[in-house]
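# Geometric and topological summary
Here are the chains, one letter per residue:
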Amino acid sequence: MKIAIMGAMPEEIEPILKKVGQYTSQEYAGNTYYEAQYAGVELVIAYSKIGKVFSALTASTMIQKFGAQQLLFSGVAGGINPKLKVGDIVVATKLCQHDLDITAFGHPYGFVPGGAVYIETDKRLCNIALSVANSMNKKVLEGVIATGDQFVANEERKNWIGTTFEADALEMEGGSVAVVCNALDIPFFILRAISDAADMDASFSFDAFLESSAEESAEFIMKMVEELGR
Ligand code: ADE
């Protein structure tokens, strides 16, 4: 079983590469793909660059070129649910695209014909995450993640996304990775640690907490890999 671990930014996969220790690397379509063994599991690891297009390309490459049979995403997100504080972990139950808008044709936000507003993550992987959280004595929130090609640093936009999609957190890649994995029938899982509250202080908070929150998320993902290798 080959598992893909992806992030969007270098900071999101550096702790993972550090943990696996030895790896080989290969350049493809403007990204570097790292291959390694960890806890008896074959891994392909990459960061996509920020946004829906780059992340769709990377997820697709990991599956179609590198043969990944499951995909785990590790990274940071802006919190919408007021229960979520910096460093807290969100496990996506389903994802949507908050910036997908053909409402002019009578469709709901986030919908295009042939698609769906929400795509669910793999239940087995979510359950493994809950048992890992339990063993780490860590609380995680299961919830909806909204994705868009936009760094949200605005209370009004954040609240609109929260109410329109009942979203708990927002980021810029999960929804597009979900589309790719769903289309290719690959079980996937999206984990995010909160770096900011998507409000007027978001860019400062993001810069201050990107590294520590990315590490939180990566540590959790590697515990999941250990569990998947058992
Ligand atoms: N990822 C982390 N924080 C974010 C924010 N405020 N907006 C979009 N993506 C994010």
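Our subject in this report is the structure included herewith.

Turning our eyes to something else, we now look at the packing of aromatic side chains. According to the stated counting rule, one finds five aromatic pairs in the structure shown. Arranged with centres 4.8 Å apart and planes meeting at 85 degrees, the rings of Tyr109 and Trp160 form a pair that is edge-to-face. Placement of Tyr109 in the loop between strand E6 (89–97) and strand E7 (119–120) and of Trp160 in helix H4 (residues 155–165) is noted, with a sequence separation of 51 residues between them. Accessibility expressed as a relative area gives 32% for Tyr109, which makes it partly exposed. Ring geometry for Trp160 versus Phe165: centroids 5.9 Å apart, planes at 85 degrees, classification edge-to-face. These aromatic residues form a ring-pair network of at least three members: Tyr109, Trp160 and Phe165.

Quick look at the site of the ligand now. Residues in contact with the ligand amount to 13 residues; listed here are only the nearest, Gly78, Phe151, Val152, Leu170 and Asp196. Take Val152: an N or O atom from its main chain is 2.8 Å from a nitrogen atom of the ligand. In the environment of the ligand, a nitrogen atom lies 2.6 Å from a nitrogen or oxygen atom belonging to the side chain of Asp196. Secondary structure elements with two or more residues in the shell around the ligand: strand E5 (70–79), strand E9 (169–171) and strand E10 (188–196). Split by residue class, the shell around the ligand holds eight nonpolar, three polar and two charged.

Put simply, helix H3 (residues 123–135) and helix H6 (residues 202–229) touch, their axes get as near as 10 Å, and they point 110 degrees apart. Taken together, the axes of H3 and H6 are roughly perpendicular relative to one another. Across the interface between the two elements, Arg124, Leu125, Ile128, Ala129, Val132 and Ala133 of H3 pack against Phe220, Lys223, Met224, Glu227 and Leu228 of H6. Here the contact of H3 with H6 is composed, by residue class, of eight nonpolar, no polar and three charged.

Rules behind the numbers
- Numbering of residues starts from 1 in every chain and runs along the sequence as written.
- Only residues with pLDDT of at least 70 are given local features in this predicted model, and only at 80 or more are side-chain atom pairs given and counted; all residues enter the totals for whole chains, interfaces and linings.
- The basis for the side-chain values is all heavy atoms of the structure; hydrogens and waters are excluded.
- Here the aromatic set is Phe, Tyr and Trp, taking the six-membered ring for Trp, and pairing holds for ring centres within 6.5 Å; pairs whose planes are under 30 degrees apart are stacked, those over 60 apart are edge-to-face, and all others are tilted.
- Starting at the N terminus, helices and strands are each numbered in turn, a helix being any DSSP run of H or I of at least four residues and a strand any DSSP run of E of at least two.
- Burial here depends on accessible area, computed with a 1.4 Å probe over protein chains only, as a share of the maximum for the residue type. Under 20% is buried, over 50% is exposed, and the range in between is partly exposed.
- The nearness test applies per residue and asks whether one of its heavy atoms lies within 4 Å of the molecule or strand.
- The definition of a polar contact used here is a pair of N or O atoms within 3.5 Å, where within protein one atom must be able to donate a hydrogen and the other to accept one, and adjacent residues in sequence count solely through side-chain atom pairs.
- The classification used treats Ala, Val, Leu, Ile, Met, Phe, Trp, Tyr, Cys and Pro as nonpolar, Asp, Glu, Lys and Arg as charged, and all other residues, Gly among them, as polar.
- Every angle, taken between N-to-C directions, lies between 0 and 180 degrees, and every axis is a line fitted to C-alpha atoms, over only the stretch in contact when it is a helix.
- Orientation labels follow simple angle bins: below 35 degrees gives roughly parallel, above 145 gives roughly antiparallel, 65 to 115 gives roughly perpendicular, and whatever is left gives oblique.
- We call two residues in contact when some of their heavy atoms are within 4.5 Å.

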